Amino acid sequence: MALEPVEPVHSVNILRVEAGKEAAVADALAKIIRNYTREQILERLGRPPWTITRKASAKIASRLVKLLEPLGALLRVDPPLPSAETTPVMPEPIVPARGGSMPQVQPRRDVAYPFPGPTVRSGTLPPRTPEPMPESAWSIEPLSLGGILDRSFNICKAHWWKLLAIAAIPWAVMALTGLLIGAAAKPLALAGANPGAFDPSTIASKVGVFLGALLIGGSVLFVCTCLLEGALTYAVSRIYLGRPLEMKDTFSFVHKKLAALVLTSLLVLVIWTALWVGPVMVGALLFVLVAATGISGWWTAITWIPLAIVPLYCIPKTTLYDKAIILEDRAYMDSINRSWNLMTGKGEGEWPRGYWLKLVVIWHVVILIIIAIHMVVGLPVGIVTHFLSGPSLTVAEVFNFFLQQGGGLIGQLFGYVCLVVFYYDIRCRKEGFDLEMLSGLVEEP
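First things first, this report covers the structure right here in the doc.

Analysis parameters
- Residues numbered from 1 in each chain as written.
- Predicted model: local features only at pLDDT ≥ 70, side-chain atom pairs only at ≥ 80, totals over all residues.
- Heavy atoms only, no water.
- Helix = DSSP H or I, 4+ residues; strand = E, 2+ residues; numbered from the N terminus.
- Buried < 20%, exposed > 50% of the residue type's maximum accessible area, 1.4 Å probe, protein only.
- Contact = heavy atoms within 4.5 Å.
- Areas by Shrake-Rupley, 256 points an atom, 1.4 Å probe, with all protein chains shown as cover.
- Patch = residues over 30% accessible without salt bridge, like charges linked within 9 Å, V, L, I, M, F, W, Y side chains within 5 Å.
- Salt bridge = Lys/Arg side-chain N within 4 Å of Asp/Glu carboxyl O.
- Phe/Tyr/Trp six-rings, centres within 6.5 Å; stacked < 30°, edge-to-face > 60°.
- Core = buried A, V, L, I, M, F, W, Y, C linked by side-chain atoms within 4.5 Å.
- Expected span 1.5 Å × (residues − 1).
- Pairing = 2+ DSSP bridges.
- Axes fitted to C-alpha atoms, helices over the stretch in contact; angles between N-to-C directions.

Some thoughts on the overall build of the protein chain
Scanning the protein chain from N- to C-terminus turns up 13 helices and three strands. Relative to its full complement of 445 residues, the protein chain shows a buried share of 38%. In the protein chain, once contacts between residues fewer than 6 apart in sequence are set aside, the share between residues at least 24 apart is 74%. Within the structure as shown, the protein chain displays about 25,000 Å² of accessible surface, and the carbon and sulfur contribution to it stands at 67%.

Okay, here's the thing in structure tokens:
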């Protein structure tokens, strides 16, 4: 069986820095290298050459070159980048001395490698086998809309059963809870269809049972939804960053932040409700005021679209709050503000450039996938329901419920993966997170 081609890794070397520009280069490196102070970086720049990393993808190496070369750093990338935009810096040619003999080539200063093993202080470096990249690791870099969807699909394809196993625990509790709520509501539906066949006192007791099941079940559904979001956010993040993932560690980590996630989700739910109720009340008030003047209140319909824009714009901008809680240890209004700040602005590249618009497009793609899955699943469900009748109808309903919910879970898994990849895409574009990932690969000064 043929092996899949492996993306080559590049080493990025600082050969020298133009005189007087060391401070600017040190400031730029200090933003992406958290391990070292600006003074340590500045001191190391005074002893070139400096191999920053030997594990950069082509895009990461290109971004480093574009970041440092305009500031006065002279870089060499090995092997050379395939892009025509960046020409690798070649060493200066050796000029023969007057006597005609070539000068003695001095060995390069030793460069500490980010690999285990002895460091060679002088002479020729022995051949070395590059350290393999972490399993299932993707290069962290800015992605287009198509790149986000493709990367999300590849993550789901490579780790489908692991993600499904993590989602299955809260999903099973949610499915059973939903089934119990439906069972409590069924007598009321039958009573509404045939009121004369039921005693009013019996109906009152059934209403009480339904309201109790709805209150308790709704609370369980809400907590399990938060648990599902947190667990999948953490799991997809670990996979995307190429770090080991264990189911036990996933739920143990999310359990510590579950209270903050649940309370913040309640706060977000209140904010989203206010964003919808507020414009509705304003529209109704305008309708009444205009009608009171003798003019038809329906003229206020021209304000409905601007009023609807308010929730449609604000709700997507607060969607990434759960990522801020799980991945950045924020909570409450801090996580909501973090989501708003991340979703503000535009990135470079092809359409859609705006982060808000890109998220809306991703949502629509996920919704279409969920609808398509439900349409495919609906056919066998309809056949089974048609042939099961009488006392077996309850079995058909249970089968229908679990199959429909399971189909929806497949689409939801893809949606959760898309949101995590989209979150890291924004951080790469706005904060240089892809360059920060190199901090663990940089040589010691």
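Let's talk about a nonpolar patch on the surface
Judged by side-chain polarity, Leu263, Leu266, Leu269, Tyr332 and Met333 come together as a nonpolar surface patch covering roughly 450 Å² of accessible area. Of all the secondary-structure elements, those providing two or more residues to the nonpolar patch are α7 (247-292) and α10 (332-342). Top element by residues in the nonpolar patch is α7. It accounts for three residues. Mapped onto the elements, Leu266 comes out in helix α7.

A few points about the packing of aromatic side chains
With the rule as written, the count across this model stands at eight aromatic pairs. Look at Tyr234 and Phe253: their rings are 4.4 Å apart centre to centre, the planes differ by 20 degrees, and that puts the pair in the stacked class. Residue Tyr234 is located in helix α6 (residues 200-240), and its partner Phe253 is located in helix α7; the two are separated by 19 residues in the primary sequence. Using a relative accessible area of 12% as the deciding quantity, one classes Tyr234 as buried. Among the aromatic residues, those joined into a ring-pair cluster are Tyr240, Tyr423, Tyr424 and Phe433.

Considering the nonpolar core
Formed by 60 residues in total, the largest nonpolar core has its most connected members in Leu163, Leu232, Tyr240 and Phe422. Put simply, the parts of the chain that give this core at least two residues each are α4 (145-158), α5 (160-193), α6, α7, α9 (321-328), α10, α11 (355-387) and α12 (393-431). Listed in part, the 25 residues of the second largest apolar core include Ile33, Ala61, Leu68 and Leu81.

Description of the pattern of salt bridges
Scanning the entire structure with this criterion turns up 13 salt bridges. Put simply, Glu328 and Arg338 hold a salt bridge, and the shortest N to O gap is 2.8 Å. Of this pair, Glu328 sits in helix α9 while Arg338 sits in helix α10; the two residues are ten residues apart in sequence, bridging distant segments of the chain. With respect to burial, Glu328 and Arg338 carry one shared label: buried. For Asp334, the salt bridge identified is with Arg330, shortest N-O distance 3.2 Å.

Observations concerning α4
In a regular helix each residue adds 1.5 Å, so 14 residues correspond to 20 Å; α4 covers 20 Å between its end C-alpha atoms and thus fits that length. Of all the positions in α4, only Leu145, Gly147, Ile148, Leu149, Arg151, Ser152, Ile155 and Cys156 are classed as buried.

Side note on the sheet that holds strand β1 (residues 10-17)
Pairing within the open sheet is antiparallel, and its three strands lie in the order β2-β1-β3. Of all strands in the sheet, those with a lone pairing partner are β2 (50-56) and β3 (73-78), marking the two edges. Put simply, the sheet's adjacent strands are angled 20 degrees from each other on average, direction ignored. Here six bridges tie β1 to β3, and the two strands are oriented antiparallel to one another. The partner of Arg16 across the bridge, within β3, is Leu74. The sheet strands contacting helix α3 (residues 58-68) are β1, β2 and β3, and the helix crosses β3 at an angle near 165 degrees.

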